[in-house]
Amino acid sequence: MDLTFFERLSKAIATQFGDHCEVAVHDLKSGDLEHTVAVIENGHVTHRKVGDGPSRVVLETLKADDPSALEDRSGYLMRTHDGRILKCATVYIRDENGMPEGVFAINYDVTEFLM
């Protein structure tokens with residue numbers, strides 16, 4: 001997984017969509033699912049930083065029996081610990097054998113739009 005590319009892509013998306021758009025890249029190769037965040041832009045959205053773990057939803061999905069069967073998800077809603085509503089997208093980054101080696105996630109705070 002080329003983190004340099006994902007750093008550039010994350011910065012471009014976060015810059016394009018502004019401060020309400022968090023972009024995170026999770027590196028799954030270490031096997032430590034509690035500390036996967038390798039790249040993050042606008043981490044204030046979920047209060048995460050490099051070295052933190054994925055959201056509860058992503059963490060539970062990653063612990064599934066068959067990682068090769070994981071499917072990308074877009075447009076789902078999540079609530080933060082402080083009550084804000086996020087519209088999320090999760091894309092699995094796969095190795096040459098189709099196994100997930102990373103996660104590319106976009107979390108957009110839509111709380112103000114919904115109020």
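Remember, predicted model here, so these are calculated numbers, not experimental data. (Residues numbered from 1 in each chain as written. Predicted model: local features only at pLDDT ≥ 70, side-chain atom pairs only at ≥ 80, totals over all residues. Heavy atoms only, no water.)

1. Some remarks on the packing of aromatic side chains
So, point 1. A complete count under the given rule lists three aromatic pairs for this structure.
So, point 2. On the numbers, 5.2 Å between centres and 70 degrees between planes, the contact of Phe5 with Phe6 is edge-to-face.
So, point 3. Judged by relative accessible area, Phe5 falls into the partly exposed class, the value being 37%.
So, point 4. Note on Phe6 and Phe104: the rings are 5.9 Å apart at their centroids and 40 degrees apart in plane angle, and the pair reads as tilted. Here Phe6 is found in helix H1 (residues 3-17), whereas its partner Phe104 is found in strand E5 (residues 100-109), with 98 residues between them in sequence. (Phe/Tyr/Trp six-rings, centres within 6.5 Å; stacked < 30°, edge-to-face > 60°. Buried < 20%, exposed > 50% of the residue type's maximum accessible area, 1.4 Å probe, protein only. Helix = DSSP H or I, 4+ residues; strand = E, 2+ residues; numbered from the N terminus.)

2. Focus: the pairing of strand E4 (residues 85-94)
So, point 1. The buried fraction of E4 amounts to seven of the 10 residues, a majority that puts the element mostly inside the structure.
So, point 2. Linking two consecutive strands that pair antiparallel, namely strand E3 (residues 73-79) and E4, is a turn of five residues; a positive phi of about 90 degrees is found at Gly83 within it.
So, point 3. Pairing geometry for E4 and E5, over nine bridges, is antiparallel. Pairing of Ala89 across the sheet is with Ile106, part of E5.
So, point 4. Remark: five residues form the turn of the hairpin made by E4 and E5, two consecutive strands paired antiparallel; Gly98 in that turn has positive phi of roughly 85 degrees. (Pairing = 2+ DSSP bridges.)

3. Points about the sheet that holds E5
So, point 1. With respect to topology, five strands assemble into an open sheet ordered E2-E1-E5-E4-E3, the strand pairing being antiparallel. Either end of the sheet is taken by a strand with one partner, and the two such strands are strand E2 (37-41) and E3. With direction set aside, neighbouring strand axes in the sheet form an average angle of 20 degrees.
So, point 2. The sheet contact formed by strand E1 (residues 21-27) and E2 spans four bridges and is antiparallel. What sits directly across from Val25, in E2, is Val39.
So, point 3. Of the strands in this sheet, E1, E2, E4 and E5 touch H1, which is tilted by about 165 degrees from E1. (Axes fitted to C-alpha atoms, helices over the stretch in contact; angles between N-to-C directions. Contact = heavy atoms within 4.5 Å.)

Geometry only, nothing functional implied.
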